[in-house]
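Coordinate analysis (summary)
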Amino acid sequence: VQLVESGGGLVQPGGSRRLSCAASGFAFSNYDMSWYRQAPGKGRELVATIPSAGAGASTNYADSVKGRFTISRDNAKNTVYLQMNSLKPEDTAMYYCHARRWLIHEYVYWGQGTQVTVSS
């Protein structure tokens, strides 16, 4: 099982960035996919979640990113994205991809993270 994030880097305040997470080794379309982030000295925060195919649920966002970030997925490419617009310095963090499924047991996978730094 692998979750490989990409797209992080240095971006100016007000700028945009798109993160990608390529999944392999599991049935991607059956998993809820999320992005978490962790800033230095802080706990890990749930940023956004997109449900599995056919789950009937909608996407969900942290209040701090609503209206600025958009999560999406391409099940044909086993990839989840996070489009980040109007970035602020407080968005600076390591961003992690997360996969979760309940099937008798809970199955959870994490990526290694990609750093996003918002600074002028």
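Bear in mind that the values here come from a model prediction, so they are computed numbers and not experimental data.

Thresholds applied
- Residues numbered from 1 in each chain as written.
- Predicted model: local features only at pLDDT ≥ 70, side-chain atom pairs only at ≥ 80, totals over all residues.
- Heavy atoms only, no water.
- Disulfide = S-S within 2.5 Å.
- Helix = DSSP H or I, 4+ residues; strand = E, 2+ residues; numbered from the N terminus.
- Buried < 20%, exposed > 50% of the residue type's maximum accessible area, 1.4 Å probe, protein only.
- 1 Å grid on protein atoms, 1.4 Å probe; cavity = no way out; pocket = protein on both sides within 12 Å on 5 of 7 lines; lining within 4 Å.
- Points joined across faces, edges and corners; volume = space filled by probe spheres on them.
- Nonpolar A, V, L, I, M, F, W, Y, C, P; charged D, E, K, R; others polar.
- Salt bridge = Lys/Arg side-chain N within 4 Å of Asp/Glu carboxyl O.
- Contact = heavy atoms within 4.5 Å.
- Polar contact = N/O pair within 3.5 Å; in protein donor to acceptor, adjacent residues only side chain to side chain.

**Topic: the state of the cysteines**
By the definition in use, this model includes one disulfide. Across the disulfide, Cys21 is cross-linked to Cys97 (sulfur-sulfur distance 2.1 Å). The sign of the S-S torsion, about -85 degrees, decides the handedness of the disulfide formed by Cys21 and Cys97: left-handed. Of this pair, Cys21 sits in strand β3 (residues 17–24) while Cys97 sits in strand β9 (residues 93–103), and the two are 76 residues apart along the sequence. Cys97 matches Cys21 in its accessibility class, with the two residues each being buried.

**Topic: the layout of surface pockets**
Approximately 160 Å³ is the volume attributed to the largest pocket. Lining the largest pocket are Arg37, Gln38, Ala39, Lys42, Gly43, Glu45, Ser64, Arg68, Glu90, Asp91, Thr92 and Ala93. Considered class by class, the residues forming the lining of the largest pocket number two nonpolar, four polar and six charged.

**Digging into the pattern of salt bridges**
Across all of its chains, the model carries five salt bridges by this definition. One salt bridge in this structure joins Lys66 and Asp63, with 3.2 Å as the shortest N-O distance. Take Lys66: its relative accessible area is 48%, and that puts it in the partly exposed class. We classify Asp63 as exposed; its relative accessible area is 67%. For Arg68, the salt bridge is made with Asp91, and the minimal N-O distance between the two is 2.8 Å. Placement of the pair is Arg68 in the loop between β6 (60–61) and β7 (69–74) and Asp91 in the loop between β8 (79–84) and β9, with a sequence separation of 23 residues. The same class applies to Arg68 and to Asp91, which are both buried.

**A closer look at the side chain of Thr79**
In this structure, Thr79 sits in strand β8. Excluding residues within four positions of it along the chain, Thr79 makes contact with Ser20, Cys21, Ala22, Phe28, Ser72, Arg73 and Asp74.

**A short note on the side chain of Ser34**
By secondary structure assignment, the location of Ser34 is in strand β4 (residues 32–38). Judged by relative accessible area, Ser34 falls into the buried class, the value being 5%. Among the polar contacts made by the side chain of Ser34, one reaches the side chain of Thr49 at a distance of 2.8 Å.

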